[in-house]
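Notes for the structure review
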Amino acid sequence: MLTQESIIDLRSDTFTKPTPAMLEALGNLNLEKLGDDVFGEDKYVNELEESTATLFGFEAGLFCPSGTMTNQIALHLHTGFGTEVICDENAHVYIYEGGGIAANSGASVRTISGNRGKFTAKQAEVLINKEDVHFPKTRVISVENTTNRGGGAVWDLEELEAISTLCKTHGLAFHMDGARIWNALIAKKHEASFYGKHVDSLSVCLSKGLGAPVGSLLLGSKDFIFNARRVRKRWGGGMRQAGILALAGKFAIDHQWARMAIDHQRAKICAEHLKQLPGIQQVLEPETNILIAEFENDNLLQAFLSHCEKQKIKLGSIGMNRIRMVFHLSISETDFEELLIRVKAFSRS
Ligand SMILES: *Cc1c(COP(=O)(O)O)cnc(C)c1O
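The model shown is predicted, which means the values in this text are computed figures rather than measured ones. (Residues numbered from 1 in each chain as written. Predicted model: local features only at pLDDT ≥ 70, side-chain atom pairs only at ≥ 80, totals over all residues. Heavy atoms only, no water.)

What to know about the overall build of the protein
Helices and strands together make up the secondary structure of the protein, namely 14 helices and 13 strands. A globule of 349 residues ought to have a C-alpha radius of gyration of about 20 Å, and the protein, at 21 Å, matches this closely. Overall, the protein is about 60 × 55 × 35 Å in size when its C-alpha atoms are taken along their principal axes. Expressed as a percentage of the 349 residues in the protein, the buried residues total 55%. By sequence separation, contacts in the protein at least 24 residues apart represent 74% of the contacts at least 6 residues apart. As displayed, the protein has an accessible area near 15,400 Å², and 52% of this comes from carbon and sulfur atoms. Once the 38 positive and 42 negative side-chain charges of the protein are each reduced to a mean point, those two points are 2 Å apart. (Helix = DSSP H or I, 4+ residues; strand = E, 2+ residues; numbered from the N terminus. Rg over C-alpha atoms; globule rule 2.2 N^0.38 Å. Buried < 20%, exposed > 50% of the residue type's maximum accessible area, 1.4 Å probe, protein only. Contact = heavy atoms within 4.5 Å. Areas by Shrake-Rupley, 256 points an atom, 1.4 Å probe, with all protein chains shown as cover. Lys, Arg positive; Asp, Glu negative; His and termini not counted. Charge placed at Lys NZ, Arg CZ, Asp CG, Glu CD.)

Here it is as structure tokens:
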């Protein structure tokens, strides 16, 4: 039973824990299907790779320990020493992956100052380097859907098609960091197979809002995934009886995906409450499960953060006087009602 004292953790949708139903499914795991995945002998992993690739319209998939690894493997295969990646200045691949593009692939990054983490084909086009000894060769355009630091914004399919065409025209690869593509699909009801038609590689996370404990998949052509498998091994990401994780991932997709609509609804309701608080400069209109609010200044931000600490609400500040709240399946209805009460109390404290 939840009490006034319970902690409400909105730092990230990575804090989700396995649900009782998921644990039950794991308890019924068929040992016959487990095998050594480095040898391609784990049937749960093989099934998950195949079914996810098919869902998104790709030929093949690769199960990896993290979204950072799937992104970095993809960018590694698309680039090479002295080449360049184009992405938004707030992109996870650039900001949050430990300098991986430089360290793993020796490539530079050209950033775009986009709108909530999204940019236009026109903005990208002017950054594609001409063939000239002065310039690094542009090799890949990378987009993030939904955008993390952009507050869960979803890309328009028309813009993605335009970028896809741009990439084809210039012989570039098109990568999508779809850690939260699941949220985008629920929010906009887009066809998942759109992505297989328009991007060369797609990374999807099972361990965010879907609620699986570990794992991401990289999707692409057969050849691409064949090469990706070697890079995964080289980087130490080959796992053995990974079917336990793949089964959790499969369960998450089958049973915990549709409920994301609840998280999106809650982000919207909470946004309305935040707008009423003193010192709020702006609230980025939530499109999915991420809510970003900006305070007028650092003092007000700090006051709100300490209020939340006292009220046992965990959330993150992401710079620029902004806080981030992420809604997910480990927040119960009672938690959510309690959250609204605790947030509202800021005006009186
Ligand atoms: C979480 C996340 C990833 C991958 O993170 P891991 O913790 O490495 O699984 C990639 N891109 C975005 C946008 C993310 O939010």
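Examining the sheet that holds strand β10 (residues 290-295)
Taken together, four strands build an open sheet; the order of strands is β9-β10-β13-β12 and the sheet is antiparallel. Two strands lie at the open edges of the sheet, namely β9 (280-284) and β12 (316-317), each paired on one side alone. (Pairing = 2+ DSSP bridges.)

Regarding the sheet that holds strand β3 (residues 83-88)
Taking strand neighbours across the sheet as the criterion, the seven strands line up as β2-β8-β7-β6-β5-β3-β4 in an open arrangement whose pairing is mixed. Each edge of the sheet is formed by a strand with only one pairing partner; in this case those strands are β2 (60-64) and β4 (108-112). Looking at each pair of strands side by side, their axes are set apart by 20 degrees on average, direction ignored. Inspection of the sheet shows β3 paired to β4 by five bridges, in the parallel sense. For Cys 87, the partnering residue across the bridge sits in β4 and is Thr 111. Sheet contacts for helix α2 (residues 43-55): β2, β7 (201-205) and β8 (216-220); angle to β2, the most-contacted strand, approximately 130 degrees. Its contacts with the sheet put helix α7 (residues 157-170) on β5 (137-144) and β6 (173-178), and the angle it makes with β6 is roughly 145 degrees. (Axes fitted to C-alpha atoms, helices over the stretch in contact; angles between N-to-C directions.)

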